[in-house]
Amino acid sequence: MDRRAFLQKTTALTAALGLPLQAGAQPAPAAPAVRTFGPVTPARKFKLKYAPHFGMFENSAGKDLFDQLKFMADQGFTALEDNGMMGRTPELQAQLGEAMTKLGIQMGVFVIQTGGNNSDRFTTGKPENRDLFIKACESAVEVARRCNAKWMTVVPGAFERRLPIGVQHGHVIDTLRYGADVLAKHNLVMVLEPLSDNPDQFLRTSDQTYMICRAVNSPACKILFDIYHMQKNEGHIIPHIDWAWSEIGYFQIGDNPGRKEPTTGEINYKNVFKHIHAKAAADKRDFIMGMEHGNAFPGKDGEQKLIDAYVSSDAF
């Protein structure tokens, strides 16, 4: 599932919940009451902070977002990511943040919305693209405050094939510096995600992203190492993690082929998780592992199989 599909699903879910989709639509319904929860009774304790997303367990927990959060917490998950958080109402953002605090769930990434994967075009060097990104980062600061987020995904967009590749890199670096200046003041971090969905995507490998982060030279600009995308684009996963380690701020998960949960494809996730866990412990670092993938099997049984796959892969 690509970034656009995630955001489309979020929009559909927002509509299903009766939330306003756009200005000029029906008046916004009253904000839902603040939710209370019984005690969290986690079924297990994972070694890493695996972060599901909304919809992943809706057959087991129902469509209500707060019920889904409670289900995740009871299953032992201690983080959540929500790519479409910026598209939710401010009231809901704040309520989700409060609910996660009560449930012991840490907020992972949301996507800084600047037009979509291929329309941001940081590569062009056009001032209007830079200005849109600055405004989006300023808005993201407010969203992060409401939902207690620290990390947000940034995708620089497509190649500008009329320009030399080095010039494109320079334009991307310059644009990211402006955004990093906004986020660093609030101790927030953009994580740049190299992708494999489309050959027009400019950012494609971990070493390229490492170079850009070193050039931006800010604690507010790091790498989102999506293991699924990197398996497709470069392979050699553990060495690439080691090479880029100092600039990695966040991980995402998906097996290949298929972009489903671990154990459904070719990646030995138990070894990858073991390596990340040991390296992070040695360096006293902590990562959220975003579960940005689909479910391999349908229904409640499929959701239980997904959980079982993480239990198995976490048993190192």
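Definitions and limits used
Residues numbered from 1 in each chain as written. Predicted model: local features only at pLDDT ≥ 70, side-chain atom pairs only at ≥ 80, totals over all residues. Heavy atoms only, no water. Helix = DSSP H or I, 4+ residues; strand = E, 2+ residues; numbered from the N terminus. Buried < 20%, exposed > 50% of the residue type's maximum accessible area, 1.4 Å probe, protein only. Contact = heavy atoms within 4.5 Å. Areas by Shrake-Rupley, 256 points an atom, 1.4 Å probe, with all protein chains shown as cover. Pairing = 2+ DSSP bridges. Axes fitted to C-alpha atoms, helices over the stretch in contact; angles between N-to-C directions. pLDDT = per-residue confidence, 0-100. Core = buried A, V, L, I, M, F, W, Y, C linked by side-chain atoms within 4.5 Å. Expected span 1.5 Å × (residues − 1).

1. Some thoughts on the overall build of the protein chain
The helix and strand tally for the protein chain stands at 11 helices and nine strands. Expressed as a percentage of its 316 residues, the buried residues of the protein chain come to 52%. A fraction of 79% describes how many contacts in the protein chain between residues 6 or more apart in sequence connect residues 24 or more apart. When the accessible surface of the protein chain is split by element, carbon and sulfur atoms take 53% of a total near 13,500 Å².

2. Some points on the sheet that holds strand S9 (residues 288-290)
Taken in spatial order, the seven strands make up an open sheet running S1-S9-S8-S7-S6-S5-S4, and their pairing is parallel. Among the strands making up the open sheet, the edge pair consists of strand S1 (49-51) and strand S4 (110-111). Against the sheet, helix H7 (residues 206-216) engages strand S6 (189-192) and strand S7 (221-226), with an angle of about 165° to S7. Against the sheet, helix H9 (residues 237-244) makes contact with S7 and strand S8 (248-252), and its axis sits at roughly 175° relative to S7, the strand it touches most.

3. So, the confidence of the model for the protein chain
Mean pLDDT for the protein chain: 91, with 88% of residues reaching 70 or above. Within the model, the stretch residues 6-26 combines pLDDT values under 50 with 29 contacts to residues more than four positions away or in other chains.

4. What to know about the environment of Asn198
Tracing the chain through its elements places Asn198 in the loop between S6 and H7. On the basis of relative accessibility, which here comes to 22%, the residue Asn198 falls in the partly exposed class. Each C-alpha atom, one on Asn198 and one on Ala158, is 9.0 Å from the other, the two residues being 40 residues apart in sequence.

5. What about the nonpolar core?
Ranked by internal contacts, the top residues of the largest apolar core, which has 79 residues, are Tyr50, Leu69, Phe110, Leu176 and Phe251. Considering every element that reaches this core, the biggest residue donor is helix H5 (residues 127-147), with nine residues. Counting nine residues, the second largest nonpolar core, distinct from the first, contains Ala51, Ala79, Trp151 and Tyr250.

6. Observations concerning unusual backbone geometry
Geometrically, the link from Asn256 to Pro257 is a cis peptide bond, its omega value of 0° lying close to zero. Unlike most non-glycine residues, Asn148 shows phi in positive territory, near 60°. Residue position: Asn148 is located in the loop between H5 and strand S5 (151-154). Although it is not a glycine, Thr263 adopts a positive phi angle of roughly 85°. Checked against the element boundaries, Thr263 lands in the loop between S8 and helix H10 (269-283).

7. Some details on the environment of Lys274
By secondary structure assignment, the location of Lys274 is in helix H10. In this structure Lys274 comes out as partly exposed when scored by relative accessible area, which is 48%. In this structure the C-alpha to C-alpha distance between Lys274 and Asp314, which are 40 residues apart in sequence, comes to 7.8 Å.

8. Considerations on H5
One turn of an α-helix holds 3.6 residues; hence residues three or four places apart share an orientation. When the terminal C-alpha atoms of H5 are compared, their 30 Å separation across 21 residues agrees well with the 30 Å that a helix rising 1.5 Å per residue should span. For H5, every residue scored as buried is listed here: Asn129, Phe133, Ile134, Ala136, Cys137, Ala140, Val141, Val143, Ala144 and Cys147. On its buried face, H5 is in contact with helix H4 (90-103), strand S3 (106-107), S4, S5, helix H6 (165-184) and S6. One or two residues past the end of H5 sits Asn148, with phi positive at roughly 60°.

9. Structural notes on the pairing of S8
With five of its five residues buried, S8 lies for the most part within the structure. Pairing geometry for S7 and S8, over four bridges, is parallel. Across the sheet, Ile223 pairs through a bridge with Ile248, a residue of S8. Bridging between S8 and S9 involves two bridges; their strand directions are parallel. Following the sheet pairing, Gln252 is matched in S9 by Gly290.

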